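# Secondary and tertiary structure notes
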Amino acid sequence: MTDRTFYIVTCGAPLASRVGDGVRAAREHGWIPYVIPTDAALPWLEGQDLASVPVLTGNRKPGEPKRTPKADAIAVVPTTFNSLYAWANGNAGTDPLTIRCAALGAHAPIAAVRFAKHDLADHPAWLAYLAVLRYGGVRIVDPHDGSSTSLSQASGKGEEVTDGFKWEWIFRQL
Ligand SMILES: Cc1cc2nc3c(=O)[nH]c(=O)nc-3n(C[C@H](O)[C@H](O)[C@H](O)COP(=O)(O)O)c2cc1C
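Residues numbered from 1 in each chain as written. Predicted model: local features only at pLDDT ≥ 70, side-chain atom pairs only at ≥ 80, totals over all residues.

In this section: the sheet that holds strand β1 (residues 4–10). To summarise the sheet geometry, strands pair through backbone hydrogen bonds and adopt either a parallel or an antiparallel arrangement. Strand order in the open sheet made by the five strands is β2-β1-β3-β4-β5, with parallel pairing throughout. Edge strands, defined here as strands with exactly one partner in the open sheet, are β2 (31–37) and β5 (139–141). Neighbour-to-neighbour, the strand axes of the sheet open up by a mean angle of 20 degrees, direction not taken into account. (Pairing = 2+ DSSP bridges. Helix = DSSP H or I, 4+ residues; strand = E, 2+ residues; numbered from the N terminus. Axes fitted to C-alpha atoms, helices over the stretch in contact; angles between N-to-C directions.)

What follows covers the pairing of strand β4 (residues 110–114). The element β4 is extensively covered by neighbouring structure, given that five of its five residues are classed as buried. Along β4, one buried face is formed by I110, A112 and R114 and the opposite face, lined by A111 and V113, is buried too. Examined bridge by bridge, strand β3 (residues 73–79) and β4 share four bridges and lie parallel to one another. What sits directly across from T79, in β4, is R114. Pairing geometry for β4 and β5, over three bridges, is parallel. Considered in β5, the bridge of A112 is made with I140. (Buried ≥ 20, exposed ≤ 12 C-beta atoms within 10 Å, placed from the backbone.)

The end-to-end C-alpha distance of helix α6 (residues 124–135) is 17 Å, a good match for the 16 Å that twelve residues give at a rise of 1.5 Å each. Listed as buried for α6 are Y129, L130 and L133. One side of α6 holds all its buried residues, which, seen down the axis, span an arc of 110 degrees. Exposed side of α6, more than 90 degrees from the buried face: P124 and Y135 are the residues found there. Within two residues after α6, G137 carries a phi angle of roughly 105 degrees, on the positive side. (Expected span 1.5 Å × (residues − 1). Arc of directions from axis to C-beta.)

A few words now on the site of the ligand. As a matter of local geometry, the ligand sits amid 16 residues, with C11, G12, T38, T80 and S83 nearest to it. Partitioned by chemical class, the residues of the shell around the ligand number nine nonpolar, five polar and two charged. (Near = placed C-beta within 6 Å. Nonpolar A, V, L, I, M, F, W, Y, C, P; charged D, E, K, R; others polar.)

At a minimum axis separation of 9 Å, helix α3 (residues 81–88) and α6 run at an interaxial angle of 50 degrees. The angle between α3 and α6 falls in the class oblique. When you trace α3 past α6, the crossing you get is left-handed. Facing F81, L84, Y85, W87 and A88 of α3, the residues of α6 in contact are A125, W126, Y129, L130, V132 and L133. By residue class, the composition of the contact of α3 with α6 is eleven nonpolar, no polar and no charged. (Parallel < 35°, antiparallel > 145°, perpendicular 65-115°, else oblique. Left-handed = near helix turned anticlockwise from the far one by under 90°. Contact = placed C-beta atoms within 7 Å.)

Listed below in structure tokens is the structure:
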């Protein structure tokens, strides 16, 4: 697989600090990466070396050409509680959400790393909407070990989980 378009959508949680590693890993796998952060993810991108990759912020303006080729695969690393709920409900109020909703409709390969602290992860909507996305074909990845079999394990947060995360877990799902 070479020269295929790969979106890294990233949301506002500590795992967004590993996006630069994802860009490097994507290239090693022959993908051409584009980074698509939510506004809440932007503070975690500061200080990362992303000069070589398009980072698409804000919404595309009327008349502006499309900013990326169509994605061949998408990684959502991480997906927050907020974004999971919006995505699963078809809320396309921002470009990062529109891209995720459209990718579901297009049946593109998608892997999403769930990332919510325990109180949020115990909210009933979390498990329900993880199941909705899985039903839609999204590979839901555990941030601790890269497994995708269980939705019910506690989700991760913070530096420990972030440091242990391996981008290889994503590429083996796609
Ligand atoms: C330091 C910090 C850590 C956060 N960690 C998480 C997290 O692990 N999971 C989560 O769902 N939200 C977390 N949040 C909250 C999200 O950033 C917030 O809900 C935001 O609105 C998400 O927007 P987005 O889904 O558009 O990225 C954190 C916020 C801050 C400031």
